[in-house]
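Per-entry structural report
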Amino acid sequence: RVLLDKKTSDAHDNPVLSIDADGHLYVFSAAHGTSRPSYVHRSIKPQDISEFEHLLTTNFSYPQPWFLPEHGFLLMHTRYIKGQRVLHAIASRDAQNWSEPLKLAHIEAGHYQVTQADGNRVGSAFNMHPQGQGLNWRTNLYYIESSDGGKTWTNVAGEPLELPLTDKKSPALVRDYQAEGRLCYMKCLRYSEEGHPIILYLTSGGYESGPANDPRTFTTAAWNGSEWEFREAMHGDNNYDFASLDVHPNGDWLLLG
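All values reported here derive from a predicted model rather than from experimental measurement.

1. Side note on the overall build of the protein chain
Secondary structure assignment for the protein chain yields 1 helix and 18 strands. The C-alpha atoms of the protein chain give a radius of gyration of 18 Å, which matches the 18 Å a tight globule of 257 residues would have. Dimensions of the protein chain along its principal axes, counting C-alpha atoms only, are 50 × 40 × 35 Å. A burial count over the protein chain gives 51% of its 257 residues as buried. Taking the intrachain contacts of the protein chain between residues at least 6 apart in sequence as the baseline, contacts between residues at least 24 apart amount to 42%. By element, 49% of the accessible surface of the protein chain is carried by carbon and sulfur atoms, the whole surface being about 12,200 Å². Charge separation in the protein chain, taken as the distance between the mean sites of 22 positive and 31 negative side-chain charges, equals 7 Å.

Structure follows, in structure tokens:
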């Protein structure tokens, strides 16, 4: 089934697939910046790819859609503003009528994020591009969450946040890696059986490849109910080495890298 041809070889335009409670398939087709539009399509029939309908033409990059049982869709994404990656969210119960974009964070030169749903809660863990150092630089670690479909947001301790976040010392700050001279590369966000967030990321000494910026360390930041606990898991040899964390029902963590 050919759904869309954006006539680009830019992999940033790759789509993301989601599904609602009735089994309808949703395709969120991204853009890279503002030079091309983004699209949302839905299958006419549940669990069937034979025919799709076009729901929305807009602009978003790095889409991470979550279907929440009580709220419908919450689309976590990035919008480029003057070349900077700014975190946003839009919400919809039917994927046709969407809320106005809510700007979540624009600290210094922007962010990369990883997100995850946990029931009706959605969390986002993200880093920061320091101002004036170029988008190759990324540091610091932040965490925010929402339990009402993206209307309001808090830090991990449940303290309400005033959006958008613009201060690098925000209450959402998990760890100040800029002060430690370390860069931070996001990998994934998971939740424990107790519902506590676990963030997996990699730290390094610089953005250039090669051993000069070793050690490149896969690290977890896990909330224990009162504070963040940091554990170093293993070393990589490139900032873009990837790993995924599985949290098993018995409490074991499995790191695949």
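2. Comments concerning the pattern of salt bridges
Scanning all chains against the criterion turns up 12 salt bridges. Linking E145 and R121 is a salt bridge whose minimum nitrogen-to-oxygen distance equals 3.2 Å. One end of the pair, E145, is in strand β11 (residues 139-146); the other, R121, is in strand β10 (residues 121-128), and 24 residues separate them in sequence. In this structure, E145 and R121 share a single accessibility class: buried. Several salt bridges share partner residues, and in doing so they unite K6, D10, D13 and R36 into one network.

3. Digging into the sheet that holds strand β3 (residues 38-43)
With respect to topology, 4 strands assemble into an open sheet ordered β1-β2-β3-β4, the strand pairing being antiparallel. Every interior strand has two partners, whereas the edge strands, β1 (15-19) and β4 (52-58), have only one. Across the sheet, the axes of successive neighbouring strands diverge by a mean angle of 20 degrees, strand direction being ignored. As judged from the 6 bridges shared by β3 and β4, these two strands associate in the antiparallel manner.

4. Brief notes about the packing of aromatic side chains
Under the defined criterion, the tally for this structure stands at 12 aromatic pairs. An aromatic cluster of three or more residues is present, and its members are Y26, F28, F67, F73 and W98.

5. So, unusual backbone geometry
Between L163 and P164 the backbone carries a cis peptide bond, its omega angle lying at -5 degrees. Between D214 and the following residue, P215, the backbone shows a cis peptide bond with an omega angle of 0 degrees. Locating P215 in the fold gives a position in the loop between β14 (197-204) and β15 (216-223). Positive phi outside glycine occurs at K7, with the angle close to 55 degrees. Structurally, K7 is set in the segment before β1. One non-glycine residue with positive phi stands out, namely Q47, at about 50 degrees. Inspection of the secondary structure assignment puts Q47 in the loop between β3 and β4. With a relative accessible area of 66%, Q47 lands in the exposed category.

Conventions adopted
- Residues numbered from 1 in each chain as written.
- Predicted model: local features only at pLDDT ≥ 70, side-chain atom pairs only at ≥ 80, totals over all residues.
- Heavy atoms only, no water.
- Helix = DSSP H or I, 4+ residues; strand = E, 2+ residues; numbered from the N terminus.
- Rg over C-alpha atoms; globule rule 2.2 N^0.38 Å.
- Buried < 20%, exposed > 50% of the residue type's maximum accessible area, 1.4 Å probe, protein only.
- Contact = heavy atoms within 4.5 Å.
- Areas by Shrake-Rupley, 256 points an atom, 1.4 Å probe, with all protein chains shown as cover.
- Lys, Arg positive; Asp, Glu negative; His and termini not counted.
- Charge placed at Lys NZ, Arg CZ, Asp CG, Glu CD.
- Salt bridge = Lys/Arg side-chain N within 4 Å of Asp/Glu carboxyl O.
- Pairing = 2+ DSSP bridges.
- Axes fitted to C-alpha atoms, helices over the stretch in contact; angles between N-to-C directions.
- Phe/Tyr/Trp six-rings, centres within 6.5 Å; stacked < 30°, edge-to-face > 60°.

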